[in-house]
Amino acid sequence: MSTKTVNYSNLVELLCDRAQKIPQKTAFTFLKDGETQSVDLTYQALDRQAKAIAAQLQSLNIKKGDCPRGSGFADRVILVYPFDGALEFIAAFFGCLYAGVIAVPSYPPQNRFALRDLQSRLVSCQSQIILTSKSFLGKLKSQLIASETDPIFKALHWLATDDISLILADDWSGVKCDRDSLAFLQYTSGSTGVPKGVMVTHDCILHNQETLRLAFGHNERSLGVGWLPLFHDMGLIGNVIQAVYLGASCVLMSPISYVQKPIRWLEAISRYQVTTSGAPNFAYDLLSRRATPEQIAHLDLSSWKVAFCGAEPIRIETINQFEAKFAPCGFRREAFYPCYGMAEATLFVTGGDYTKQPVVKYIEKAALEKNRVVLAKEAKEGVKTIVGCGRTWLDSKVAIVAPETLTQCLPNKIGEIWVAGGGVGKGYWQLDEESDRTFNAYLKDTGEGPFLRTGDLGFVQDGELFITGRCTDLMVLWGFNHYPQYIEETVEKCHPALRIGAGAAFAVDVAGEDKLVIVNEIDRTYRQNLVVDEVVEAIRWQVFQDHFIDVHAIALLKTGSLPKTSSGKVQRKVCKEKFLEGSLDIVGEWRLQGQSDMIVLINRYLNPMTHLRRYSLLFGGRMRRFLYWLMKEKNRDR
């Protein structure tokens, strides 16, 4: 294990020191098309570019606004760069820090959803300045000004940072900046609502960087590769800032390059003998299914020590399939590193031992439906396999809390995950009430706090954190708790026409009762010959068999049309809203007409309905299989 990094008071001091001590070391390498090395950026060059940008910002003399909670500099500067402008983005981000202004990384508006996201961030943070690249400026300016009448859009000051002379670096004057100064606003993904700007200080970042260093076993010889967008925490905090914190190097490529040809990610790991690289579960799953023998024949993944995985549910099937497919290339199961984090905690919250295999628990589904943890010895029918997300590091703490009583749960209970520690952000930008509700929670029984309420559900076993779902996504159907991600897993596997990781399950109110709705994208290859009834029946039968629920409606969507955040998370709330207003891009649809066949059977054989829970507890899987058989017989008699 490497020794502790020097105790810097802010990121400006950190980069200046790197530029002085290792000026010619390559900080970042960008692969233009995901394969061809186009340009390197040394620590000295990055420092000089950042100073030139900072000097230009300082010369604008933009009037400072009020900064909430007395947390430092108040100027906000929006950063909008194309996906292939990673190095320009990095220089601009540090340029903002060098100028003592608050950086606001933003998604490049490639479509109307991204444009709407950028517009909302501008209104939220009230920025007066936009930094971008020379090639992107004209298009971006016309998009924003043409789309809005708000005066803020007309008064923006535009600056192409790659058009700034490096001579200006000599005019840079240092700024007063300490650990409590705001560094940037990190907007949430919006998977559960409107994106909010998390106030992240230099101290939050430095604390999280030291946590990452310890958890991943990093040192100055570590080498990363990343394709994740830099306007999100995993890309910016996990790849870019961690490299600078270590004085190490990182290879970057555009997320577009990955999407066009996913194997490029592993090819870069092999070519540069990378030690650390990661992505959400879907990226590993995609490569497990689509990488061809010809593509993996010459890969060498033996250098890959930390394959971190987070940002969405981590599936044991993905771990098993990825290991099986790439073990011949030198990939080790121990390298797979499940972890848990969120924007409100800067990035990293929990992670395991990078030298050991992922921790797995088997939980009885019936208990899970009642927010209880009953362990099983192995995977079998009626048992859910859950992958652990590790433990806390440094001064961080996790508490499992009952959301209704705000008291700590017993060890065998599932509750809301509360987090405390130096990496937790300082609240949401200009949302004081929501900040107090989310970032200043206290345990009612002990008074301990403040904690960050994550909105995620889970439990802790033997010091390991396990995630089971989200508070706001949890559905109660027929008296049982149901996690949408588990239903979505069932759906995507029941017919080959359904795209993996492209579905959503949610409940809608029908005559005062919650009913289940399924939406899922159709694979492009099935678009022309889609048999809607066949897919619908496959979904209905499998969901009932696995979860004991009848489906109220099913919408099959056009490829790529499912509402997701810019980081690829399914927006179930938006899906629900679009379903109700009829604005989903549907290629096939089914809705229940009249009373559910299953309800009819239950009323006939298990009357009255008030005894449903009693019968289910008494007979468990046998009752479900019985009703499943009855449904089959009823349909056969038609």
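Figured I'd write up the structure that's included with this text. (Residues numbered from 1 in each chain as written. Predicted model: local features only at pLDDT ≥ 70, side-chain atom pairs only at ≥ 80, totals over all residues. Heavy atoms only, no water.)

**Some remarks on the packing of helix H1 (residues 11-21) against helix H8 (residues 233-246)**
Then step 1. For the pair H1 and H8, interaxial distance at closest approach is 9 Å and the crossing angle is 60°. The angle between H1 and H8 places the two elements in the oblique class. Like other packed secondary-structure pairs, H1 and H8 cross with a definite hand, here left-handed. Note on element contacts: H8 touches H1 through Ile-241, Val-244, Tyr-245 and Leu-246, opposite Leu-11, Leu-14, Leu-15 and Arg-18.
Then step 2. Per-class residue counts for the contact of H1 with H8 are seven nonpolar, no polar and one charged. (Axes fitted to C-alpha atoms, helices over the stretch in contact; angles between N-to-C directions. Helix = DSSP H or I, 4+ residues; strand = E, 2+ residues; numbered from the N terminus. Parallel < 35°, antiparallel > 145°, perpendicular 65-115°, else oblique. Left-handed = near helix turned anticlockwise from the far one by under 90°. Contact = heavy atoms within 4.5 Å. Nonpolar A, V, L, I, M, F, W, Y, C, P; charged D, E, K, R; others polar.)

**Here's the deal with the side chain of Ser-127**
Then step 1. Position of Ser-127 among the secondary structure elements: in the loop between helix H4 (112-125) and strand S5 (129-132).
Then step 2. The exposure class assigned to Ser-127 is buried, which follows from its relative accessible area of 1%.
Then step 3. A polar contact of 3.5 Å, which involves the side chain of Ser-127, links it to the backbone nitrogen of Ile-78. (Buried < 20%, exposed > 50% of the residue type's maximum accessible area, 1.4 Å probe, protein only. Polar contact = N/O pair within 3.5 Å; in protein donor to acceptor, adjacent residues only side chain to side chain.)

**Remarks on the packing of aromatic side chains**
Then step 1. Under the criterion given, the structure shown has 29 aromatic pairs.
Then step 2. Where Phe-83 meets Tyr-107, the ring centres are 5.8 Å apart and the plane angle is 85°; that geometry is what we call edge-to-face. Placement of the pair is Phe-83 in the loop between strand S3 (76-80) and helix H3 (86-99) and Tyr-107 in the loop between strand S4 (102-106) and H4, with a sequence separation of 24 residues. The burial state of Phe-83 is the same as that of Tyr-107; both residues are buried.
Then step 3. Each ring, one from Tyr-258 and one from Trp-265, has its centre 6.2 Å from the other, and the planes form 80°; the classification is edge-to-face. (Phe/Tyr/Trp six-rings, centres within 6.5 Å; stacked < 30°, edge-to-face > 60°.)

**A word on the layout of surface pockets**
Then step 1. Of the pockets and cavities examined, the second largest pocket occupies roughly 430 Å³.
Then step 2. Lining the second largest pocket are 21 residues, with Val-39, Gly-85, Leu-87, Glu-88 and Asp-162 sitting closest to its centre.
Then step 3. When residues of the lining of the second largest pocket are traced back to their parent elements, those giving at least two are strand S2 (37-42), helix H2 (43-60) and H3.
Then step 4. Top contributing element to the lining of the second largest pocket by residue count: S2, with four residues. (1 Å grid on protein atoms, 1.4 Å probe; cavity = no way out; pocket = protein on both sides within 12 Å on 5 of 7 lines; lining within 4 Å. Points joined across faces, edges and corners; volume = space filled by probe spheres on them.)

**Digging into empty space enclosed by the protein**
Then step 1. Enumeration according to the criterion identifies six cavities of 30 Å³ or more in this entry.
Then step 2. The volume enclosed by the largest cavity comes to roughly 140 Å³.
Then step 3. Contributing to the lining of the largest cavity are 17 residues, with Pro-82, Phe-83, Ala-86, Pro-229 and Leu-230 lying nearest its centre.
Then step 4. The set of elements that each furnish at least two residues to the lining of the largest cavity consists of H3 and strand S10 (249-253).
Then step 5. Of the residues in the lining of the largest cavity, the class split is 14 nonpolar, three polar and no charged.
Then step 6. Taken as a whole, the second largest cavity spans an internal volume of roughly 100 Å³.
Then step 7. Lining of the second largest cavity is provided by 13 residues; of these, His-218, Gly-224, Gly-238, Gln-242 and Thr-276 occupy positions nearest its centre.
Then step 8. Element by element, the count of residues in the lining of the second largest cavity is highest for H8, at five residues.
Then step 9. Along the lines of polarity and charge, the residues of the lining of the second largest cavity split into five nonpolar, eight polar and no charged.

**Some details on the pattern of salt bridges**
Then step 1. All chains considered together, the criterion is met by 26 salt bridges.
Then step 2. We note a salt bridge from Arg-48 to Asp-170, for which the minimum N-O separation is 3.4 Å. One end of the pair, Arg-48, is in helix H2; the other, Asp-170, is in the loop between strand S6 (157-160) and strand S7 (182-187), with 122 residues separating them in the sequence.
Then step 3. For Arg-48, a relative accessible area of 33% corresponds to the partly exposed category.
Then step 4. Arg-333 is paired through a salt bridge with Glu-323; the nearest N and O atoms lie 2.6 Å apart. Pair noted here: Arg-333 is in the loop between helix H13 (316-326) and strand S12 (336-341) and Glu-323 is in helix H13, with a separation of ten residues, a long-range link.
Then step 5. Of the residues examined, Glu-323 reaches a relative accessible area of 25% and is grouped as partly exposed.
Then step 6. Salt bridges linked by common partners bring Arg-315, Lys-384, Glu-489 and Glu-492 together as one network. (Salt bridge = Lys/Arg side-chain N within 4 Å of Asp/Glu carboxyl O.)

**Quick notes on the sheet that holds strand S18 (residues 407-408)**
Then step 1. Read from one edge to the other, the open sheet built from five strands follows the order S18-S17-S19-S20-S21, with strand pairing classed as antiparallel. Here the strands that pair on one side only, and so sit at the sheet edges, are S18 and strand S21 (464-470).
Then step 2. Bridge count between strand S17 (residues 397-402) and strand S19 (residues 415-420): five bridges; the pairing is antiparallel. Note on S19: the bridge partner recorded for Lys-397 is Ala-420. (Pairing = 2+ DSSP bridges.)

**Observations regarding the sheet that holds strand S25 (residues 513-522)**
Then step 1. Strand order in this open sheet of four strands is S24-S25-S26-S27, and the pairing throughout is mixed. Two strands bound the open sheet, and with one partner strand each, they are strand S24 (498-510) and strand S27 (586-591). Between one strand axis and the next, the sheet turns by 15° as a mean value, whatever way the strands run.
Then step 2. Where strand S26 (residues 551-557) lies against S27, five bridges are found, and the strand directions are antiparallel. By the bridge assignment, Leu-557 is partnered in S27 with Ile-586.
Then step 3. On top of the sheet, helix H16 (residues 484-493) reaches S24 and S25; it is set at about 130° to S24, its chief contact.
Then step 4. Packing against the sheet, helix H17 (residues 532-547) makes contact with S24, S25, S26 and S27, and its axis sits at approximately 135° to S26.

**Considering H1**
Residues spaced three or four apart along an α-helix point in a common direction, a consequence of the helix completing one turn every 3.6 residues.
Then step 1. Here H1 has its buried residues at Leu-11, Val-12, Leu-14, Leu-15, Asp-17, Arg-18 and Ala-19.
Then step 2. Packing partners of the buried residues in H1 comprise H2, H3, helix H7 (202-216) and H8.

**A few points about the pairing of S4**
Then step 1. Within S4, five of the five residues are buried, which leaves the element mostly enclosed by the surrounding structure.
Then step 2. Of the two faces of S4, both are covered, the one formed by Ile-102, Val-104 and Ser-106 as well as the one formed by Ala-103 and Pro-105.
Then step 3. Where S3 meets S4, five bridges bridge the pair, whose relative direction is parallel. Opposite Val-77, over in S4, you have Ala-103 as the bridge partner.
Then step 4. Of the crossover connections in this fold, the one passing from S3 over H3 to the parallel S4 is right-handed. (Right-handed = clockwise from strand over helix to strand, strands pointing away.)

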